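Listed below are the residues making up each chain.
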2 protein chains.
Amino acid sequence: MTSAAAETGSSPTAAVLIIGNEILSGRTKDANLGHIAEKLSDIGVRLREARVVPDLEEEIIAAVDALRARYTYVFTTGGIGPTHDDITSECIARAFGVPLERNPEAVARLERHYAPGQLNEARLRMANIPAGATLIDNPISQAPGFRIGNVFVMAGVPNIMQAMLDGILPKLAGGPALHARTVSCTLGEGVIAAELGALQDRYADLEIGSYPYFRNGYFGTSLVLRGTDEGRVVAATEELSGVVTRLGGTPTVTVGTKG
Amino acid sequence: MTSAAAETGSSPTAAVLIIGNEILSGRTKDANLGHIAEKLSDIGVRLREARVVPDLEEEIIAAVDALRARYTYVFTTGGIGPTHDDITSECIARAFGVPLERNPEAVARLERHYAPGQLNEARLRMANIPAGATLIDNPISQAPGFRIGNVFVMAGVPNIMQAMLDGILPKLAGGPALHARTVSCTLGEGVIAAELGALQDRYADLEIGSYPYFRNGYFGTSLVLRGTDEGRVVAATEELSGVVTRLGGTPTVTVGTKG
């Protein structure tokens, strides 16, 4: 199995909390987790857990508290709109034991965004921010997200979430860059499993994963090697390519985790 | 906010546990949660939580124990293949405090599937099943999943997972069917929020959600009403359509949660 060292090392860790009944009912397919995961990987932050919870106060608070105590950063999506089922901000305030306040800067942003007379009380709810939080810019529709402690509260609508995240990432302390190689071949996982396990034992500082695929009518296996020491990743990749060839396969090596 | 009654009522509940570093690294986009969510909704089982954890024994065991104690059913995906990073079966056995045994029926299925000489020790690992578990059929590649207690352990490859789930669902005790209507309109969420909240208060037995969309160049809002009493869902839908019209919108009502 993957060594704990390969999993974290000196890298900051993160969790994603997806908030919304629509994800759990199957109505809406989450499109945010994969995007956040890729962006965090790019800056050396290890996403270690994700949770999806319904629009229920006690569930949201319990998940936020469990995750913020455990990981360097927590990113939430969903539940910061103007309707009755948008309760994330209240829940975060309660989790941190601070009041939810009408934020003047958030109000100003909404006033600039809406036509005169359109900024009603429901929309003003989007300016209710936990005391002590700092705003996260929303270049798409202005209603801000916010950061409090190590928790980043973002919108659920993918293009808005992505714009918010783009503004957050440059301010985060990342970790050592993760180097990755993918060795793909048309050998079955079971053919290469024994030697792959032995390789993982020899390279306990790397994270080596095996993923079967079916592409263009062919079954095959993608073997992904990740670690912070590029030299080790390259050395393990060369060994693995040799193993694949010895077992009668043709290794295709690509940089990164795709392929 | 959504009432607890609307959330569960007499319905069985479920959680999904997605196991695999590839989901948390962003390499692989999960395609299973949405599918499982829809299928459970169809039989009146309420998916209440989902978690994604890495291929780490202690993480998997802790999540399985937390979820199986809390929900009627737990469905796991991933980690039952032949390679070193496939550790789900061992973890489930440890969570239940039972030995992991080589299952004769699972071995027989693998023997029928692989050509003579191809069923090596790595592949035989896929026949290691916790004592007392019952097998879940895998019509695609034979290597079975299993059920132990209220936990259903399935493959991570989507077409295999879907085939396993199709075999499981008819055997589950479902709940009262959920009836749903969607009222969509081009009014902004903020325009309708106040009356929508009042409607949710009057229909606390229903789950009413508001989801902004951007389609064919138009922004709009989809308002989803769900509940086990179809008459109540229909009545609330009619009231809501009236609200939309009164606010200057044109309601489009569809059966189900899409639209």
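Computed from a predicted structure; not experimentally measured.

**Here we look at the sheet that holds strand β9 (residues 179-185) of chain B**
All names here are of chain B.
Right, on to step 1. Ordered by their spatial adjacency, 4 strands build an open sheet running β10-β11-β9-β12, and the pairing between neighbours is antiparallel. Lying at the two open borders of the sheet, with one neighbouring strand each, are β10 (207-215) and β12 (252-255). Shown here is a sheet whose adjacent strand axes are inclined to one another by a mean of 20°, direction ignored.
Right, on to step 2. Relative to strand β11 (residues 218-227), β10 runs antiparallel, the two being bridged by 9 bridges. Paired with Ile208 across the bridge in β11 is Leu225.
Right, on to step 3. Packed on one face of the sheet, helix α10 (residues 230-246) meets β9, β11 and β12 and runs near 5° to β9.

**Let's talk about the domain arrangement of chain A**
The parts lose accessible area when they come together, and the size of an interface is often stated as this lost area.
Right, on to step 1. When cut into domains, chain A gives domain 1 (13-171) and domain 2 (179-255).
Right, on to step 2. With centres defined by C-alpha atoms, the gap from domain 1 of chain A to domain 2 of chain A works out at 38 Å.

**Quick look at the interface of chain A and chain B**
Right, on to step 1. Each partner contributes residues to the interface: chain A has 62 residues there, and chain B has 62 residues.
Right, on to step 2. Linking chain A with chain B are 6 salt bridges.
Right, on to step 3. A:Arg48 serves as the salt-bridge partner of B:Glu59, at 3.2 Å between the closest nitrogen and oxygen.
Right, on to step 4. On the surface where chain A and chain B come into contact, there are 28 residue pairs in polar contact (both at pLDDT 80 or more).
Right, on to step 5. Where the side of chain A that touches chain B is concerned, the elements lending two or more residues are α2 (21-24), α3 (33-42), β2 (46-53), α4 (57-68), α7 (121-124), α9 (189-202), β10 (207-215) and β11 (218-227) of chain A.
Right, on to step 6. Among the residues making up the side of chain A that touches chain B, the classes are represented as 23 nonpolar, 19 polar and 20 charged.

**Quick notes on the pairing of strand β9 (residues 179-185) of chain A**
Residue and element names in this part refer to chain A.
Right, on to step 1. Of all 7 residues that make up β9, 6 are buried, and the element is covered over most of its length.
Right, on to step 2. When β9 meets β11, the two strands line up antiparallel, connected through 7 bridges. In the sheet register, Arg181 faces β11, and the bridge partner there is Leu225.
Right, on to step 3. In the sheet, β9 pairs with strand β12 (residues 252-255) via 4 bridges, with the strands oriented antiparallel. Counted as the bridge partner of Val183 is Val253 from β12.

**What about the packing of helix α9 (residues 189-202) of chain B against α10(B)?**
Residues and elements named next belong to chain B.
Right, on to step 1. The interhelical angle for the contact between α9 and α10, taken along N-to-C directions, is 160°, at an axis separation of 11 Å. Considering their axes alone, α9 and α10 lie roughly antiparallel with respect to each other. Regarding α9 and α10, the two cross each other, and that crossing is right-handed. Listed contacts from α10 to Ile192, Glu195, Leu196, Leu199 and Arg202 of α9 are Arg232, Ala236, Glu239, Leu240, Val243, Val244 and Arg246.
Right, on to step 2. A breakdown of the residues in the contact of α9 with α10 according to their chemical character gives 7 nonpolar, no polar and 5 charged.

**A short note on the sheet that holds β11(A)**
Residue and element names in this part refer to chain A.
Right, on to step 1. Overall, antiparallel pairing links the 4 strands, which are arranged β10-β11-β9-β12 in an open sheet. Since the sheet does not close on itself, it has two edges, and those belong to β10 and β12, each with one partner. Put simply, the sheet's adjacent strands are angled 20° from each other on average, direction ignored.

**Some words on the environment of A:Val98**
Residues and elements named next belong to chain A.
Right, on to step 1. Position of Val98 relative to the elements: it lies in the loop between α5 (88-96) and β4 (100-102).
Right, on to step 2. With relative accessibility at 25%, the residue Val98 sits in the partly exposed group.
Right, on to step 3. Placed 35 residues apart in sequence, Val98 and Ala133 show a C-alpha to C-alpha distance of 9.7 Å.
Right, on to step 4. The residues contacting Val98, other than those within four sequence positions of it, are Ala93, Pro130, Ala131 and Ile148.

**With respect to the relation of the copies chain A and chain B**
Right, on to step 1. Relative to chain B, chain A is turned by 180° and slid 0.0 Å along the rotation axis, the superposed coordinates differing by an RMSD of 0.0 Å. Taken together, the turn and the small shift mark the pair as related by a two-fold rotation axis. Among all residues of chain A, the minimum C-alpha distance to the rotation axis is found for A:Arg51, at 2.2 Å.
Right, on to step 2. Residue by residue, 100% of the interface of chain A is reproduced at the interface of chain B, so both copies engage with the same surface.

**Concerning the UniProt feature "domain: MoaB/Mog" (unreviewed entry) in chain A**
Right, on to step 1. Per the UniProt annotation, the sites labelled "domain: MoaB/Mog" (unreviewed entry) are residues 15-176 of chain A.
Right, on to step 2. What you have in residues 15-176 of chain A is 37% helix and 22% strand, and the ends, taken at the C-alpha atoms, are 18 Å apart.

Cut-offs and rules
Residues numbered from 1 in each chain as written. Chains lettered and ligands numbered in written order. Predicted model: local features only at pLDDT ≥ 70, side-chain atom pairs only at ≥ 80, totals over all residues. Heavy atoms only, no water. Pairing = 2+ DSSP bridges. Helix = DSSP H or I, 4+ residues; strand = E, 2+ residues; numbered from the N terminus. Axes fitted to C-alpha atoms, helices over the stretch in contact; angles between N-to-C directions. Contact = heavy atoms within 4.5 Å. Domains from an automatic or database assignment. Salt bridge = Lys/Arg side-chain N within 4 Å of Asp/Glu carboxyl O. Polar contact = N/O pair within 3.5 Å; in protein donor to acceptor, adjacent residues only side chain to side chain. Nonpolar A, V, L, I, M, F, W, Y, C, P; charged D, E, K, R; others polar. Buried < 20%, exposed > 50% of the residue type's maximum accessible area, 1.4 Å probe, protein only. Parallel < 35°, antiparallel > 145°, perpendicular 65-115°, else oblique. Left-handed = near helix turned anticlockwise from the far one by under 90°. Least-squares fit on C-alpha atoms with pLDDT ≥ 70 in both. UniProt positions renumbered as here; feature names shortened; annotations may be inferred.

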